[in-house]
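# Chain and residue survey
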Amino acid sequence: MQRTSLTLRLVIPAIWLGLITAISFVETPLKFQAPGITLELGLGIGRLVFFAMNTTALVLVAILTLAMIRPRASRLQWGLLVGLWVVLLTQILIIRPPLNARTDAVIAGVDTGGSLWHYFYIAADGTIFVLLIVFVVVTARKLIPAIASQKIG
């Protein structure tokens, strides 16, 4: 069980990093450059994709939380995990609702003007991305000496 938990502490953040990279940093900007994609269609697709991504992120952070219990994770790892929960929940509960309302308005043909909410969402994704990288580095630095000592002994 301990080996599985330790493995999950590396694999889950890596999967989540891939998800953010693929969706937020690659798919989203490219979607609006595809031929025939209107603003309304792009926003509708984006809403579905980001709902799925947020749902997946919640599942991943829940599994990561369970993997932190045995063997007990360090205080730094717990702090990073709390940061991930706070930013993800902020993204879902505070930032997404106004973005959804704006998407509804644009799809209905109402020009809502610019919005800072997209920038807040991007900042939250960037923050999660950095927290995940630090989490992976901290976890790997803790595991590599332990694995090396097992092979030597």
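Residues numbered from 1 in each chain as written. Predicted model: local features only at pLDDT ≥ 70, side-chain atom pairs only at ≥ 80, totals over all residues. Heavy atoms only, no water.

## Here we look at the overall build of the protein chain
In terms of regular secondary structure, the protein chain is built from 4 helices and 0 strands. Each helix and strand of the protein chain, placed in order from N terminus to C terminus, yields the pattern α-α-α-α. Over its C-alpha atoms, taken along the principal directions, the protein chain stretches across nearly 70 × 30 × 20 Å. Within the protein chain, the fraction of its 153 residues that count as buried is 31%. In the protein chain, of all internal contacts separated by at least 6 residues, the share reaching a separation of at least 24 is 76%. Computed over 12 positive and 5 negative side-chain charges, the separation of the two mean positions in the protein chain equals 28 Å. (Helix = DSSP H or I, 4+ residues; strand = E, 2+ residues; numbered from the N terminus. Buried < 20%, exposed > 50% of the residue type's maximum accessible area, 1.4 Å probe, protein only. Contact = heavy atoms within 4.5 Å. Lys, Arg positive; Asp, Glu negative; His and termini not counted. Charge placed at Lys NZ, Arg CZ, Asp CG, Glu CD.)

## Considering helix 1 (residues 2-31)
Structurally, the α-helix is built with 3.6 residues per turn, so residues lying three or four positions apart point the same way. Helix length check: helix 1, at 30 residues, gives a terminal C-alpha distance of 42 Å against a target of 44 Å (1.5 Å per residue), a fit within 8%. If you look at helix 1, its biggest bend is around 30°, right at L8. Of all the positions in helix 1, only S5, R9, I12, P13, W16, L17, I20, I23, S24, T28 and K31 are classed as buried. (Expected span 1.5 Å × (residues − 1). Bend = angle between axes of the 7 residues up to and from the residue.)

## Section: the confidence of the model for the protein chain
In the predicted model, the protein chain carries a mean pLDDT of 92, and the fraction of residues at 70 or more is 94%. Element-level pLDDT for the protein chain is lowest in helix 4 (residues 117-152), with a mean of 88, against a maximum mean of 96 in helix 3 (residues 75-107). (pLDDT = per-residue confidence, 0-100.)

## A look at the environment of K142
Structurally, K142 is set in helix 4. In this structure, the C-alpha to C-alpha distance between K142 and T7, residues 135 residues apart in sequence, is 12 Å. The residues contacting K142, other than those within four sequence positions of it, are R72, A73, S74 and Q77.

## Re the side chain of N54
Within the fold, N54 resides in helix 2 (residues 39-67). Judged by its relative accessible area of 4%, N54 is buried. When near neighbours in sequence (up to four residues on either side) are disregarded, N54 contacts L88, Q91, I92, R96 and Y121.

## Some details on the nonpolar core
Within the largest apolar cluster, 27 residues are counted, with the highest numbers of intra-cluster contacts made by W16, L84, I128 and L132. Of all the elements in the fold, those that place two or more residues in this core are helix 1, helix 2, helix 3 and helix 4. Beyond its immediate sequence surroundings of up to four residues, I128 is in contact with W16, I20, L84, V87, L88 and Q91. (Core = buried A, V, L, I, M, F, W, Y, C linked by side-chain atoms within 4.5 Å.)

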